[in-house]
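# Examination of the molecular architecture
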Amino acid sequence: MSTTEALLASSGSGAGDRLSIDDALAQHAGQFGRWQLRHFLMVTAAWTLEAMHTMVMIFADREPAMSCPAGNGQCGDRCAGPSAGWAWDQGSASSTVAEWGLVCGESYKVGLVHALYFTSCMIGAGVFGHLSDSFLGRKGSLLVVCSLNAIFGLLTAISPNYWVYVALRILTGFSAGSICLCSFVLATEPVGPSYRGVVGMSTCYFFSGGIAILAGIAAMFQSSWRLLYVVTSMPSLAFMLTIMPFVSESPRWYLVRRRTKDAMRILRDIASTNRKSIPDGITLKLDDEDDIEKKIEESSSSILDVFRSGTTRSRLVLSVLISFLCSVVYYGLSLNVVNLKINIYISVAVNSLAEMPAFLLTTVLLQHLGRKPLAIGSMLLSGVFCTSASLITGVGSMRAVRMACGVVGIFGMAATYNLLVVYTAELFPTTVRTAAMGCTLQASKMGAILAPMVVLLGERMPFAVFGMLGIMGGLLVFFLPETMNKPLYDTMFGLEKGEGDLVIRGEITSGNSEI
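Residues numbered from 1 in each chain as written. Predicted model: local features only at pLDDT ≥ 70, side-chain atom pairs only at ≥ 80, totals over all residues. Heavy atoms only, no water.

What counts is decided by this rule: UniProt positions are given in the numbering used here, feature names are shortened, and annotations may be inferred rather than shown by experiment.
As annotated in an unreviewed UniProt entry, the protein is H(+)/Pi cotransporter from Hordeum vulgare subsp. vulgare. Of the comments in the UniProt record for the protein, the one headed Sequence similarities (unreviewed entry) reads "Belongs to the major facilitator superfamily. Phosphate:H(+) symporter (TC 2.A.1.9) family." The UniProt entry for the protein carries the following comment under Subcellular location (unreviewed entry): "Membrane".

Following this line, the structure appears as structure tokens:
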């Protein structure tokens, strides 16, 4: 029997009620019960791993304090290091900068490895975004990236020289940059529409928590950057071996890959764990059920299909631009804390913990205000306060006022950064969701590459740039549609048809009101 015949046969009148996954969750399996909570916690724990693999560079590549131990206190050129009598207070093994002399004329190499890391993150997001939507699946992609992270992280610890270190950081970035992408989609797709926004907003707690944990670990291993890489890479190995075997693949991915029985098996497991049941006559359908030929064609959707559709093309362009602007401000404000000249371990921990109230506030407001108004408000809040900070001189007590404006700026942008993950996932159908999110993640990494360059502009100018970009981003969000309480579409055709139906219904309602 051909694929078309099989689909036609399965859609016959004797097959019983045919429901979308959203309807099956809402009516029978449960939108967010014990199964989804357990699955969410296991999968989203991977965000902690990405935080460690990414932010470890702050501590491993730091410039430790130097002193002149000579009896008369007279040492030569500080840039000459130990050869001129200078000594690293915590030893040459305390950081890559100390071990390989990355100071003065060689200091650019620190920024270079960071830029190359985020560049490889950008490339990896596109690659694994496509693989996650295609044959590898969400779970398979997450398993692969966690495995690569563990391997490359451990190998980084035995780098014999700077250039091998760079190569291994590039390889780590290629895989680590996709962790949050694969994890987010896998964690939220089994969740019903009423809880999806709140659950999605809760993912970033794990990333911020991972940074705080990393700061504590780094404080304990200040004397060896190599040991720090070993300790921060082992959790990826543990996650792969102890948690991933108990993680389920997304039922939505099964459905769009024509593995309906597997999708139904997952839903029945969800229902059973949630102490509910799905009637025997229930079967699953895609949101383009009425167009069989189109449905068969959609099974091989790719990022190119996003550009072919006017509906999704404009969404992708706007999402990419907004994510880029948000990332420049978010990473820029985070890196700008280094200029405060305070304890790096404390400052990183405090910054990561300070983001959590932004996540909580956004989660509370999300279901009441919607995605679009909240994104506009949080970006404009950050933009206005960053602009205000650029107008304040850093003299006396005014320095504290400018710092406070910066804190509000990062508060607003952290909320936006978290919200955009949820918003973007809801803007695109299942067949291209991870690929589209991969594109926005690539734009985010481009912003991360640019952020350190903005920080180098001085004390006040970075705030002016961040303020301008925040306001621009807020204005661009005006052109995106609201997604609150809308279905999570499965296919491109289903999205276009559903959005078209909404437009028609809106026009009819408007016309009736005029009558």
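### What about the overall build of the protein?
To be explicit about the condition: Helix and strand assignments follow DSSP, with helices taken as H or I runs no shorter than four residues and strands as E runs no shorter than two, numbered in order from the N terminus. Residue exposure (1.4 Å probe, protein chains only): buried if accessible area is under 20% of the type maximum, exposed if over 50%, otherwise partly exposed. Residue contacts follow a heavy-atom distance rule, with two residues in contact if any of their heavy atoms lie within 4.5 Å. Where accessible areas are quoted, they stem from the Shrake-Rupley method and a 1.4 Å probe; at the residue level, only the protein chains shown are allowed to cover.
If you tally the helices and strands in the protein, you get 24 helices and four strands. Sorting the 515 residues of the protein into buried and exposed places 53% on the buried side. Once local pairs closer than 6 in sequence are excluded, the contacts in the protein between residues at least 24 apart make up 82%. For the protein, the exposed area adds up to about 20900 Å²; of that, 66% sits on carbon and sulfur atoms.

### Things to note about helix H8 (residues 162–176)
Basically, it comes down to this: A helix is expected to reach a length of 1.5 Å times the quantity of its residues less one. What qualifies as a polar contact is a pair of N or O atoms within 3.5 Å, subject to a donor-acceptor requirement within protein and to the restriction that residues adjacent in sequence count only when both atoms come from side chains.
With 15 residues, H8 should reach 21 Å at 1.5 Å per residue; the first-to-last C-alpha distance of 20 Å fits that figure. Within the span of H8, buried status applies to Tyr162, Tyr165, Val166, Leu168, Arg169, Thr172, Gly173, Ser175 and Ala176. In the core, the buried residues of H8 are packed alongside helix H4 (46–60), helix H5 (96–100), helix H6 (108–133), helix H7 (137–156), helix H9 (179–188) and helix H12 (225–242). Residue Asn161 occupies the N-cap position of H8, its side-chain oxygen lying 3.2 Å from the main-chain nitrogen of Trp163.

### Description of the environment of Ser67
Within the secondary structure, Ser67 is located in strand S2 (residues 66–67). Exposure remark for Ser67: the relative accessible area of 29% places this residue in the partly exposed category. Side chain to side chain, Ser67 and Asp89 meet in a polar contact 2.8 Å long.

### Thoughts on the packing of H4 against H6
The criterion, for reference: Only the contacting stretch of a helix is used when fitting its axis, a line to C-alpha atoms as for every element, and angles between N-to-C directions run 0 to 180 degrees. Here the word oblique covers every angle except those under 35 degrees (roughly parallel), over 145 (roughly antiparallel) and from 65 to 115 (roughly perpendicular). Residues are grouped as follows: Ala, Val, Leu, Ile, Met, Phe, Trp, Tyr, Cys and Pro are nonpolar; Asp, Glu, Lys and Arg are charged; all remaining types, including Gly, are polar.
Contact pair H4 / H6: the axes reach a minimum separation of 11 Å and the direction vectors enclose 170°. Put simply, H4 runs roughly antiparallel to H6. Here H4 contributes His53, Thr54 and Met57 to the contact with H6, which in turn contributes His114, Tyr117 and Phe118. Tallied by class, residues from the contact of H4 with H6 come to three nonpolar, three polar and no charged.

### As for H9
Within H9, ten of the ten residues are buried, leaving the element largely enclosed by the surrounding structure. Along H9, the residues classified as buried are Ile179, Cys180, Leu181, Cys182, Ser183, Phe184, Val185, Leu186, Ala187 and Thr188.

### Brief notes about the side chain of Ser323
Topologically, Ser323 is positioned in helix H17 (residues 310–335). Only 2.9 Å separates the side chain of Ser323 from the backbone oxygen of Ser319, close enough to count as a polar contact. Non-local contacts of Ser323, meaning those with residues more than four positions away in its chain, are made with Leu420, Thr440, Ala443 and Ser444.

### Some points on the packing of aromatic side chains
Applied cut-off: A pair of aromatic rings is counted whenever rings of Phe, Tyr or Trp (Trp by its six-membered ring) have centres within 6.5 Å, and the orientation is called stacked for planes under 30 degrees apart, edge-to-face for over 60 and tilted otherwise. Only lysine NZ and arginine CZ atoms are considered, and such an atom sits over a ring when it is within 6 Å of the ring centre and within 35 degrees of the ring normal.
As enumerated under the stated definition, the model contains 18 aromatic pairs in all. Taking 5.5 Å as the distance between ring centres and 80° as the angle between the ring planes, the aromatic pair formed by Tyr165 and Trp225 counts as edge-to-face. Of the two residues, Tyr165 sits in helix H8 while Trp225 sits in helix H12, which places them 60 residues apart along the sequence. Members of the aromatic cluster, each reached through a chain of ring pairs, are Trp100, Tyr162, Trp163, Tyr165, Trp225 and Tyr229. When the ring centre of Tyr162 is taken as reference, the NZ or CZ atom of Lys109 above it lies at 5.3 Å.

### What about the pattern of salt bridges?
Heads up, the condition is: For salt bridges, the criterion is a side-chain nitrogen of Lys or Arg within 4 Å of an Asp or Glu carboxyl oxygen.
Considering all chains together, one arrives at eleven salt bridges under this definition. Between Arg138 and Asp133 there is a salt bridge, with its nearest N and O atoms 2.7 Å apart. A salt bridge links Asp262 to Arg259; the shortest N-O distance between them is 2.9 Å. Because the salt bridges share partners, they merge into one network encompassing Asp133, Arg138, Glu189 and Arg433.

### Examining the nonpolar core
Note the threshold: The nonpolar core is taken to be a set of buried Ala, Val, Leu, Ile, Met, Phe, Trp, Tyr and Cys residues, with the residues joined through side-chain atoms within 4.5 Å.
By size, the foremost hydrophobic cluster in this structure holds 99 residues, and its most contacted members are Phe59, Phe184, Tyr331 and Phe466. For this core, the element with the highest residue contribution is helix H21 (residues 398–427), accounting for 13 residues. With 20 residues, the next largest nonpolar core counts Ile21, Trp35, Val256 and Ile270 among its residues.

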